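Observations on the model geometry
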Amino acid sequence: MRHMKKIIFAVLMLVMITTLAGCVKPYDTPEFKTFEASQTAFLIPLIGDTSDQGVFDSEELLLEAKVATKEIQIPHRWVQTGRRSWKGEWRPSATLIVVERKPVSRSWESGNSTAESANKAIFGETADAIGVYVGMNCTAMIEEKDAAKFLYRYNNTPLDIIIDTDIKKMVEGEFNNIVGDFKSTELHVHKDDIITHIRETVIPYFKEYGITITVLGFKEGISFENPEIQEALDAKFASEQDLVIQQNKNE
């Protein structure tokens, strides 16, 4: 009989301990995030005064949310999901947004009309309606001081997507604008004018959006969409060179 009482007492104690354990909030396990030297992080609150939410997405407030260290603990809040105070879960009260600032490079190949769209050469049309291609190199990056500007302007769209879309489209648009001022026979004389116009237009524009373009230049010479035109110009150039050589001999 005494043995039975001990068993009943042990069972009751076990039930009580289990019940009490179930009445305690779960432990708030710390959550840490780390990021690389080429990354800039922003700790964005998920809760707060609703009057602030409408203006939170501004460059100034993002600068205030910028993380100064390379490791940070994500704050949590307790969310009760039942009648009892211990029924609930720990949820993040802020989210970490990381901006990757590594340089991204592209090589747009001249005359490569069959390549993927992102790698196609820059195309334009001259004043006498002749289609031309030019190969170009482009490298873009995000400087540390411009990370908040970039995040606000582009909502953290990957830089490789931006260079394949926005940057390339503007480069091609400006190339079209400037080569449209010249006839096909004048292009090689005005190569410096063409690239200068493109740089002076494109580079400052994207700087305002937090993107620094460090390389933007011709990779190879201008070529014509119609190979017969290219052959005719090559023959004309060769003939002119022969004439110069002959004149030098005569002198």
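Residues numbered from 1 in each chain as written. Predicted model: local features only at pLDDT ≥ 70, side-chain atom pairs only at ≥ 80, totals over all residues. Heavy atoms only, no water.

**Thoughts on the overall build of the chain**
Within the chain one finds seven helices and twelve strands. Across the 251 residues that make up the chain, the buried fraction comes to 31%. Summed over its atoms, the accessible surface of the chain is roughly 15,800 Å², and 54% of this surface lies on carbon and sulfur atoms. (Helix = DSSP H or I, 4+ residues; strand = E, 2+ residues; numbered from the N terminus. Buried < 20%, exposed > 50% of the residue type's maximum accessible area, 1.4 Å probe, protein only. Areas by Shrake-Rupley, 256 points an atom, 1.4 Å probe, with all protein chains shown as cover.)

**Digging into the pattern of salt bridges**
The full count for this structure, using the stated rule, is eleven salt bridges. One salt bridge in this structure joins Lys33 and Glu31, with 3.9 Å as the shortest N-O distance. Among the ionic pairs, Glu144 bridges to Arg101, the shortest N-O distance being 3.2 Å. Residue Glu144 is found in the loop between β10 (136-141) and α4 (147-154), and its partner Arg101 is found in the loop between β6 (94-100) and β7 (104-108); the two are separated by 43 residues along the sequence. Given the relative accessible area of 33%, Glu144 is considered partly exposed. (Salt bridge = Lys/Arg side-chain N within 4 Å of Asp/Glu carboxyl O.)

**Description of the sheet that holds β7**
Reading across from one edge, β7-β10-β11 is the order of the three strands in this open sheet, with antiparallel pairing throughout. If you trace the sheet from one side to the other, it starts and ends with β7 and β11 (212-218), each paired once. Sheet twist, expressed as the mean angle between neighbouring strand axes with direction ignored, is 10°. Where β7 lies against β10, five bridges are found, and the strand directions are antiparallel. Counterpart to Ser107 in the pairing with β10 is Asn137. Packed on one face of the sheet, helix α5 (residues 159-179) meets β7, β10 and β11 and runs near 45° to β7. (Pairing = 2+ DSSP bridges. Axes fitted to C-alpha atoms, helices over the stretch in contact; angles between N-to-C directions. Contact = heavy atoms within 4.5 Å.)

**A few points about a negative patch on the surface**
A cluster of like negative charges, contributed by Glu125, Asp128, Glu186 and Glu225, occupies part of the molecular surface. By the secondary structure assignment, Glu186 is in the loop between α5 and α6 (191-207). Given a relative accessible area of 31%, Glu186 falls into the partly exposed group. (Patch = residues over 30% accessible without salt bridge, like charges linked within 9 Å, V, L, I, M, F, W, Y side chains within 5 Å. Lys, Arg positive; Asp, Glu negative; His and termini not counted. Charge placed at Lys NZ, Arg CZ, Asp CG, Glu CD.)

**Quick look at the packing of aromatic side chains**
This model, assessed by the stated rule, comprises six aromatic pairs. Counting every residue linked through ring pairs, the aromatic cluster contains Phe150, Tyr154, Tyr205, Phe206 and Tyr209. Sitting over the ring of Tyr209, Arg153 keeps its end group 5.2 Å from the ring centre. (Phe/Tyr/Trp six-rings, centres within 6.5 Å; stacked < 30°, edge-to-face > 60°. Lys NZ or Arg CZ within 6 Å of the ring centre and 35° of its normal.)

**A short note on the environment of Asn137**
Among the secondary structure elements, Asn137 is positioned in strand β10. In this structure the C-alpha to C-alpha distance between Asn137 and Lys219, which are 82 residues apart in sequence, comes to 5.9 Å. With residues up to four places along the chain from it excluded, the contact list for Asn137 reads Arg106, Ser107, Val215, Leu216, Gly217 and Lys219. Within the structure, Asn137 has its side chain in polar contact with the side chain of Ser107 (distance 3.3 Å). (Polar contact = N/O pair within 3.5 Å; in protein donor to acceptor, adjacent residues only side chain to side chain.)

**Regarding the nonpolar core**
The nonpolar side chains of a soluble globular protein tend to be buried, and buried together. Ile167, Val171, Ile194 and Ile211 are the most contacted members of the largest nonpolar core, which has 41 residues in total. Of all the secondary-structure elements, those providing two or more residues to this core are β2 (39-45), β7, β9 (131-134), β10, α4, α5, α6 and β11. For this core, the leading source of residues is α5, giving nine residues. Filtering out sequence-adjacent residues up to four positions away, Ile167 remains in contact with Trp108, Cys138, Ala140, Ile162, Phe206, Ile211 and Ile213. Grouped together as the second largest cluster of nonpolar side chains are seven residues, Phe35, Ile72, Ile74 and Ala94 included. (Core = buried A, V, L, I, M, F, W, Y, C linked by side-chain atoms within 4.5 Å.)

**Examining the confidence of the model for the chain**
Summary statistics for the chain give a mean pLDDT of 81 and a share of 73% for residues scoring 70 or more. Predicted confidence is poor over residues 50-56, with pLDDT under 50, and the contacts of this stretch with residues over four places away or in other chains come to four contacts. Scored below 50 in pLDDT, residues 111-115 makes nine contacts in the model with residues more than four places away or belonging to other chains. (pLDDT = per-residue confidence, 0-100.)

**Thoughts on the side chain of Thr126**
With respect to the secondary-structure elements, Thr126 resides in the loop between β8 (122-125) and β9. If sequence neighbours within four positions are ignored, Thr126 has contacts with Val132, Val179, Gly180, Phe182, Lys183, Ser184 and Leu187.

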